[in-house]
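# Chains, contacts and geometry: an overview
Each chain, letter by letter, is given below.
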Amino acid sequence: MRHEPWSTDRFELGEGLRLHGPDLLMVDILTGRLLRLDPGLPGSAQVLVDLDVPLGAVAPVRDRPGTYVAAAGTGVALLAEGARPRWLARPEDEAATPMRMNDGCCDPQGRFWAGSMAYDGTPGAGALYRADPDGGVTRVLDGYTVPNGPAFTADGSRMYLADSAAGRIDTYEVSATGEPTNPSVFARVDEGGPDGMQVDSEGHLWVAVWGAGRVHRYDPDGTLERVVTLPAAQPTSVCVVDGPRPRMFVTSATVGLSHPGPFDGALFAVPVDVGAPPVRYFGGNP
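Let me begin by describing the structure that accompanies this report. The numbers attached to residues start from 1 for each chain and follow its sequence in the written order. Note on the predicted model: pLDDT of at least 70 is required for a residue's local features to be given, and 80 or more for side-chain atom pairs to be given and counted; whole-chain, interface and lining totals, by contrast, use all residues. Where side-chain values are given, they derive from all heavy atoms of the structure, hydrogens and water being excluded.

### Things to note about the sheet that holds strand β4 (residues 46-50)
- Spatially, β1-β2-β3-β4 is the arrangement adopted by the four strands of the open sheet, whose pairing is antiparallel. Across the chains shown, the open sheet's two edge strands, defined by having one partner strand only, are β1 (14-20) and β4. Averaged over neighbouring strand pairs, the angle between their axes works out to 25 degrees when direction is ignored.
- Following DSSP output, two strands are said to pair if at least two bridges run between them. Only DSSP runs of H or I reaching four residues or more are called helices, and only runs of E reaching two or more are called strands; each is numbered from the N terminus. Where strand β3 (residues 33-37) meets β4, four bridges bridge the pair, whose relative direction is antiparallel. Bridge assignment links Leu34 to a residue of β4, and that residue is Val49. Lines fitted to C-alpha atoms define the axes here, with helix axes fitted over just the stretch in contact, and angles between the N-to-C directions of these axes take values from 0 to 180 degrees.

### Concerning the nonpolar core
- The biggest cluster of nonpolar side chains holds 17 residues, and the ones touching the most others in it are Trp206, Val215, Val238, Met248, Val250 and Phe268.
- Secondary structure elements with two or more residues in this core: β18 (205-210), β21 (235-241), β22 (247-252) and β23 (268-271). Residues enter a nonpolar core if they are buried and are Ala, Val, Leu, Ile, Met, Phe, Trp, Tyr or Cys, with the set joined through side-chain atoms within 4.5 Å. For every residue, the accessible area (1.4 Å probe, protein chains only) is compared with the maximum for its type, and the residue is labelled buried under 20%, exposed over 50%, or partly exposed between those bounds.

### Details of the side chain of Arg280
- Along the polypeptide, Arg280 turns up in the segment after β23.
- We note that Arg280 is buried and unpaired, the nearest opposite charge coming from Asp107 at a distance of 7.5 Å.
- Working rule for contacts: check all heavy atoms of both residues, and any pair within 4.5 Å makes them a contact. If we ignore the near neighbours within four places in the chain, the residues touching Arg280 are Ala59, Pro60, Cys106, Asp107, Pro108, Phe152, Thr153, Ala154 and Asn285. In this count, Lys and Arg are taken as positive residues and Asp and Glu as negative ones, while His and the chain termini are left out. The term salt bridge refers to a pairing of a side-chain nitrogen on Lys or Arg with a carboxyl oxygen on Asp or Glu at a separation within 4 Å.

Dropping the structure here:
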């Protein structure tokens, strides 16, 4: 099956897909833009926020319509249309090598988790941060090169976190207070690197595979259950949208490609047979 683009846009580094109410949200990381699309009707993206720093991912803030917590620049900020970012913390400002924030998401308890990485890909320079609803930001894991995800099970007790550069997806148990423990390797990717991911309503993990033009779906025990092939070399994130005709949206990127193909950097919509839990809010779910 050939999967056609959902819009005419082509993104440098599309990422961070989220379904929020009637809107499909995503970012174009290196251009610092938060974008909105219609998940029911193909069309062009609308710019909601345009930053002068990279924007890795966002999540909506509970009881504050139009406000998002964001992995941006060297830290975590609150964003709103027409307003300047309000920084919760910029922990990578003083890093030994220039850093930026990358992918992130909220867990079911309303905490926002986001990774950082070195611009030059310095091995092990990246970290995972947890932003709590009270505004505190804590460095919780070290030693990742290009952290992507994370993704959480429905109860938040298990976290998946990829290191794209290592071709590896790890899993952690997460305590009630938000401490990741008991790490183990969940799956390894032989071609390309695991990128953005999501747990669906059946507890399976969907993973965009950068550099391989594929999306993988894994059983909860790490068995590869399904492979979806796309006409773009660098898939970056996934978002399963429930409804009468469930779809999985997939972002992709052109960055680093000397000769991008016609569908590189596109957003795709792929028919699927499963739904996914609703978006999780920073500060807890309504």
